[in-house]
Amino acid sequence: MASQSAVSRRQQELQLQYSNYKNNLQQLASKIGNIEQETEEHKLVLDTLTPISKDRKCFRLINGVLVERTVGDVVPALETTAGGLKKVLEGLVKDYKKKQEEMEAWKTKNNVQVVSQ
């Protein structure tokens, strides 16, 4: 009877750890998706503003406030932000792959076989 409860407790622990891994991967994937979307929006705006005259006025949303600027002021800021987003995205993808490899190693180590995903 005691060994049966120990096995049951071990299975619950493994299920909990597996759920934690899956949740972490899901959260990282969600962050990656959000950053990719933001990166695409920045690219679209840069592609639109690049051929336009540098002294033409444009509007930019900063912390919920719409401010008037010139294209010459906005483009360098957008390029900097887009570069930062790209670095963050690369870091998140690297973290995701690392976490996924860690999960696979854990599954192999603990002989975990997923019945349904």
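Look a little higher up for the structure.
Thresholds, definitions, all that
Residues numbered from 1 in each chain as written. Predicted model: local features only at pLDDT ≥ 70, side-chain atom pairs only at ≥ 80, totals over all residues. Heavy atoms only, no water. Salt bridge = Lys/Arg side-chain N within 4 Å of Asp/Glu carboxyl O. Helix = DSSP H or I, 4+ residues; strand = E, 2+ residues; numbered from the N terminus. Buried < 20%, exposed > 50% of the residue type's maximum accessible area, 1.4 Å probe, protein only. Core = buried A, V, L, I, M, F, W, Y, C linked by side-chain atoms within 4.5 Å. Contact = heavy atoms within 4.5 Å. Pairing = 2+ DSSP bridges. Patch = residues over 30% accessible without salt bridge, like charges linked within 9 Å, V, L, I, M, F, W, Y side chains within 5 Å. Areas by Shrake-Rupley, 256 points an atom, 1.4 Å probe, with all protein chains shown as cover. 1 Å grid on protein atoms, 1.4 Å probe; cavity = no way out; pocket = protein on both sides within 12 Å on 5 of 7 lines; lining within 4 Å. Points joined across faces, edges and corners; volume = space filled by probe spheres on them. Nonpolar A, V, L, I, M, F, W, Y, C, P; charged D, E, K, R; others polar.

## Quick word on the pattern of salt bridges
Inference 1: Under the definition given, this model contains three salt bridges.
Inference 2: Glu-102 serves as the salt-bridge partner of Lys-99, at 3.6 Å between the closest nitrogen and oxygen. Within this pair, Lys-99 and its partner Glu-102 are both found in helix 2 (residues 71–109), separated by three residues, close to a single helical turn.
Inference 3: Owing to a relative accessible area of 22%, Lys-99 belongs among the partly exposed residues under this scheme.
Inference 4: A salt bridge links Lys-107 to Glu-104; the nearest nitrogen and oxygen atoms lie 3.6 Å apart. One end of the pair, Lys-107, and the other, Glu-104, are both in helix 2, three residues apart, so they sit about a helical turn from each other.
Inference 5: Classification of Lys-107 as buried rests on a relative accessible area of 12%.
Inference 6: The class of Glu-104 is partly exposed, set by a relative accessible area of 40%.

## Digging into the nonpolar core
Inference 1: The biggest cluster of nonpolar side chains holds eight residues, and these are Leu-46, Leu-49, Cys-58, Val-71, Val-74, Val-75, Leu-78 and Ala-82.
Inference 2: Of all elements in the fold, only helix 1 (2–49) and helix 2 reach the threshold of two or more residues within this core.
Inference 3: If you tally residues by element for this core, the top one is helix 2, at five residues.
Inference 4: Setting aside chain neighbours within four positions, we find Leu-46 in contact with Val-75, Leu-78, Glu-79 and Ala-82.

## Structural notes on the pairing of strand 2 (residues 65–70)
Inference 1: Two elements, strand 1 (residues 57–62) and strand 2, share six bridges in a ladder whose sense is antiparallel. From the neighbouring strand, Cys-58 faces strand 2, where its bridge partner is Arg-69.
Inference 2: Counted along the chain from strand 1 to the antiparallel partner strand 2, the turn is two residues long, and its residue Asn-63 has a positive phi close to 50°.

## Concerning a nonpolar patch on the surface
Inference 1: Judged by side-chain polarity, Phe-59, Leu-61 and Leu-66 come together as a nonpolar surface patch covering roughly 350 Å² of accessible area.
Inference 2: Relative to the assigned elements, Leu-61 resides in strand 1.

## Topic: the layout of surface pockets
Inference 1: What the largest pocket holds in volume is close to 190 Å³.
Inference 2: Every residue lining the largest pocket is listed: Glu-38, Glu-41, His-42, Val-45, Leu-49, Cys-58, Phe-59, Arg-60, Leu-61, Ile-62, Val-74 and Leu-78.
Inference 3: Secondary structure elements with two or more residues in the lining of the largest pocket: helix 1, strand 1 and helix 2.
Inference 4: Taken together, the residues that form the lining of the largest pocket break down as eight nonpolar, one polar and three charged.

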